[in-house]
Each structure stands twice: as C-alpha cells, then as structure tokens.
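# Descriptive structure summary
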Amino acid sequence: MSTKTTTKTSHYHVQKARRAKFLEDWRANHRTVIRSEDVALKETARGMRTGVYMGEDGDNPTRSIDALVHEVDRGKVTTIHRHSWDVMVFGVGGEGWIEIDGERVKVAPGDSAHIPSWAWHRSGNDNDDTFRYITFSSEPLLATMGMSILDDRGNEPFENLPGRPEFSAPDVEGEDAYARRLRRLGKEQQARRSGRLHTDWDELEMLNTPRGTRTTFLLDRAIGYQASGITMAMFEIGQGRQQSMHRHAGEAWLYVVDGEGHSYLGTEPEGGENHPWKKGDLIVVDHFLWHQHFNDSKENTARVVRIHMFDSLLETMRALMDPQVLFEEPPEHIRDAQAGDVTTVVWPELDRPSWP
C-alpha cells in the first residue's frame, strides 16, 4: 500500500486524465443487441451453468445492473450463497425452485422472483426438463462503491447459517441526529425485509398505455416489492405496430420474451440506426439515445421484459442534474401518432413463454 501523500501532479490533471480514460473505455463497451446464441453457458462451481448477457464477468462491463442466464439440470441443487446486492429473476424454461432464506419459491416460465440483499438462496430442479432463468442484479452498482460481497457456503443446511446482518430497532427516543438516523434506518430495514418475493405469470394483468403497448409490472414497489431500485415490467407490442419514441439515461435492458422486430436508436429522433432482434435476445439501452421498438410481425405480437434502475439511481441522477431533463418523450400529439390507437389491437391469450 502506498504511503505517499503527493502525486507530483495536480489533482486537476490526475482527475482529468482518469475521467477521460473512463469515458473512452466506457464508450468502447457500448452494446446494442446481445444475441441469445452468442451467450455461452459454462459449468460453475455452484452446480449449474451460467452465461452472461451483460456484465463484467462476461467482458461486457456495466455500471448499475447486469444480466445473466442460468441452467439447472434435473435432480440438481446448487450451492447456497448470499451477497450484498439484490437480484430479480425471470423464468424462461422448464420449472424449478429458488429457496430464499429457507422459503422455497416455485419458478416456471414467465414467473418472477426477488432475492433480497443478504438473503441465503439456492436453486433446484425436481423436474425432467432443464430449469432456465434470467437474472438481473444491482451488483455492478454496489461494485462501483466497493461494496460487492459474496459469501458461498457450499451445501450447508440453511438452519446452520447466520441470519442477515442485524440492525438496531427503530424504537429509540429522541430528536437528535443519531436517534433520528436509528429510527429511519431501522424502519427502512423492517420494510425491506417484509417485501414480496414472487409473481405468478397466471396472475398478470396487461393494461393498455398511451405508448401503443399493453404492459404489466413483474417486480416493482407498486405491487409490494422492496428492491434496491431495480424495476421489472413487461410490455407487448401489437402486430405490425410500434411503441412511441422516448429517451432516458441508461442503463436499461430489454429481454425479448416472444416475437421479432427492431429498435431504432439515435442521438436525434431521425437519422439513427435500426437494430433487429428476436426471441431470447437482449436489447441494450446504455446511453442517452432516442429509441423506439417495432414489432416486425404482422401476425404475432412481441413481448419484451424491461429492466432498469429508475427508482434509485436514475431518480438520483435526475435530482442531481435538475434542470437538465433526463427523461423525454415527444409532445402528446406526436406520441399518439407514433403509437396508433392501441384499442384496435387484437391481443392474444397470455401464454407462458418458452426458451428460444
């Protein structure tokens, strides 16, 4: 460890060079569509196979969220572990279970689950078909602050493991700063440890939106979840239709559940590039670009799961950069013209998804 107290160069020059290199490296990592066939799944020490759509461990570094796919074979149970970040799960193939702090949650195609930070968890498969699921986690955000911690305990029974980190009860009296902090953080932990864990596909209700799609929450505080700010929703685009254009700060991942189409991305509403996608691909919006998603099929709808950190990181950015606008969409008359009349779409039955 260095004990020097001088860099021989002013902090201005050191930070300017560091920031320039960071942005140069970041721009070199931009992705737009990650093809499902390009995601290599490899055996891991946990007793499962894992592949990386987006994330540092797959040489696609990110800043706030990552995206991985996992496979658990028949009769397998993974090691049990916990970590300082939380995870959102979306089932895409087969049927299995995830045990979260001793509670077993069934995950079938289309089901969603939330693994809170510091919750012990493992996956298992008691069925014939391979159990497959996608995860989206806040690990990259924790890593930027040096707070990513992973604790794997192999096949240790849950009852032998320590609980989540303890916290002081919020029943302290007083109006001094320390007493107020104890109450605030205690209440926060009580709320976060009582959040919802599972959404069943069969319980979903899709509702029309002004953007020309119908949507539903999968995991969000609006339906009882207590996440780090990651929110997961699904939208469906009608046959031959499109979602209206908008832009916001990245990162946002869009996993294509069903269908095929393309996405427009550009620094301006016109003159950008179109990027084709299909079932199983991941659409990446990792910079402040105008974007619009199109369903290229005239016969079938397209379903896409959208994940971003709006409730924490992006809201913080909006506050810190106000009055700079970090979320934009066209005026209503243009938005409505782009979206079309969503009430004329003939929506199909909401069948469970399958692996590509």
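Note that the structure is predicted; figures quoted are calculated from it, not measured.

Rules of the game
- Residues numbered from 1 in each chain as written.
- Predicted model: local features only at pLDDT ≥ 70, side-chain atom pairs only at ≥ 80, totals over all residues.
- Heavy atoms only, no water.
- Helix = DSSP H or I, 4+ residues; strand = E, 2+ residues; numbered from the N terminus.
- Rg over C-alpha atoms; globule rule 2.2 N^0.38 Å.
- Buried < 20%, exposed > 50% of the residue type's maximum accessible area, 1.4 Å probe, protein only.
- Areas by Shrake-Rupley, 256 points an atom, 1.4 Å probe, with all protein chains shown as cover.
- Lys, Arg positive; Asp, Glu negative; His and termini not counted.
- Charge placed at Lys NZ, Arg CZ, Asp CG, Glu CD.
- Pairing = 2+ DSSP bridges.
- Polar contact = N/O pair within 3.5 Å; in protein donor to acceptor, adjacent residues only side chain to side chain.
- Contact = heavy atoms within 4.5 Å.
- Core = buried A, V, L, I, M, F, W, Y, C linked by side-chain atoms within 4.5 Å.
- UniProt positions renumbered as here; feature names shortened; annotations may be inferred.
- Salt bridge = Lys/Arg side-chain N within 4 Å of Asp/Glu carboxyl O.
- Phe/Tyr/Trp six-rings, centres within 6.5 Å; stacked < 30°, edge-to-face > 60°.
- Lys NZ or Arg CZ within 6 Å of the ring centre and 35° of its normal.

What the protein chain contains, in helices and strands, is 5 helices and 24 strands. Expected size for 356 residues packed as a compact globule is a radius of gyration near 21 Å; at 22 Å, the protein chain falls within 12% of this value. Along the first, second and third principal axes, the C-alpha set of the protein chain runs to 60 × 60 × 45 Å. Across the 356 residues in the protein chain, those meeting the buried criterion constitute 49%. A total accessible area of about 18,400 Å² is found for the protein chain, and carbon and sulfur atoms account for 49% of it. Taking the average place of the 43 positive charges on the side chains of the protein chain and the average place of its 57 negative ones, the gap between the two points comes to 6 Å.

What follows deals with the sheet that holds strand β18 (residues 252-258). Spatial strand order, β1-β21-β18-β23-β16-β15-β14: 7 strands in an open sheet with antiparallel pairing. The sheet is open, and its two edges are formed by β1 (33-34) and β14 (207-208), each paired on a single side. Two strands pair when backbone bridges link them, and β18 and strand β23 (residues 302-308) are joined in this way by 6 bridges, in the antiparallel orientation. Note on β23: the bridge partner recorded for Trp253 is Ile307.

Now for the pairing of strand β21 (residues 282-285). A two-sided burial pattern is seen for β21, the buried positions comprising Leu282 and Val284 on one face and Ile283 and Val285 on the other. With 2 bridges joining them, β1 and β21 adopt antiparallel strand pairing. Residue pairing across strands places Ile34 opposite Leu282, the latter belonging to β21. As paired elements, β18 and β21 share 4 bridges and run antiparallel to each other. Bridge pairing in β21 links Leu254 to Ile283.

Bringing the side chain of His83 into the picture now. Here His83 lies in strand β5 (residues 81-83). On the basis of relative accessibility, which here comes to 4%, the residue His83 falls in the buried class. One polar contact links His83 to His121, side chain to side chain, over a distance of 3.2 Å. In contact with His83, other than residues within four places in its own chain, are Ser117, Trp118, His121, Ile149 and Leu150.

Once that is clear, we can look at the nonpolar core. Formed by 31 residues in total, the largest nonpolar core has its most connected members in Tyr255 and Leu282. Core analysis: the second largest hydrophobic core is formed by 16 residues, Ile100, Val107, Ala119 and Leu197 among them.

The positions that UniProt labels "domain: Cupin type-2" (unreviewed entry) are, in the present scheme, residues 71-135 and 234-305. As a span, residues 71-135 carries 0% helix and 54% strand, and end to end its C-alpha atoms are 11 Å apart. Secondary structure over residues 234-305 splits into 0% helix and 56% strand, and the C-alpha atoms at its two ends are 4 Å apart.

Three or more residues of helix α4 (residues 310-321) are buried, namely Phe310, Ser312 and Leu314. The elements touched by buried residues of α4 are β23 and β24 (327-328).

Turning our eyes to something else, we now look at the pattern of salt bridges. As enumerated under the stated definition, the model contains 29 salt bridges in all. Residue Asp111 pairs with Lys106 through a salt bridge whose shortest N-O separation is 3.6 Å. One network of salt bridges, with partners in common, ties together Glu43, Arg49, Glu71, Asp73 and Arg132.

Bringing the environment of Ser194 into the picture now. Inspection of the secondary structure assignment puts Ser194 in the loop between α3 (177-192) and β13 (198-199). Taking the relative accessible area as the measure of exposure, Ser194 reaches 57% and is therefore exposed. For the pair formed by Ser194 and Pro116, sequence separation is 78 residues and the distance between their alpha carbons is 10.0 Å. Within the local environment of Ser194, its side chain forms a polar contact with the backbone oxygen of Ala191, the two atoms lying 2.9 Å apart.

By the definition in use, this model includes 3 aromatic pairs. Three or more aromatic residues joined by ring pairs make a cluster, and in this case those are Tyr53, Phe90 and Tyr255. Above the face of the Trp97 ring, Arg104 is positioned so that its terminal group lies 3.6 Å from the ring centre.

Attention now goes to unusual backbone geometry. With an omega of 15 degrees, the peptide bond between Asp322 and Pro323 qualifies as cis. Summarising the element assignment, Pro323 is placed in the loop between α4 and β24. Look at Asp101: it is not a glycine, yet its phi comes out positive at around 50 degrees. Here Asp101 lies in the loop between β7 (96-100) and β8 (103-107).

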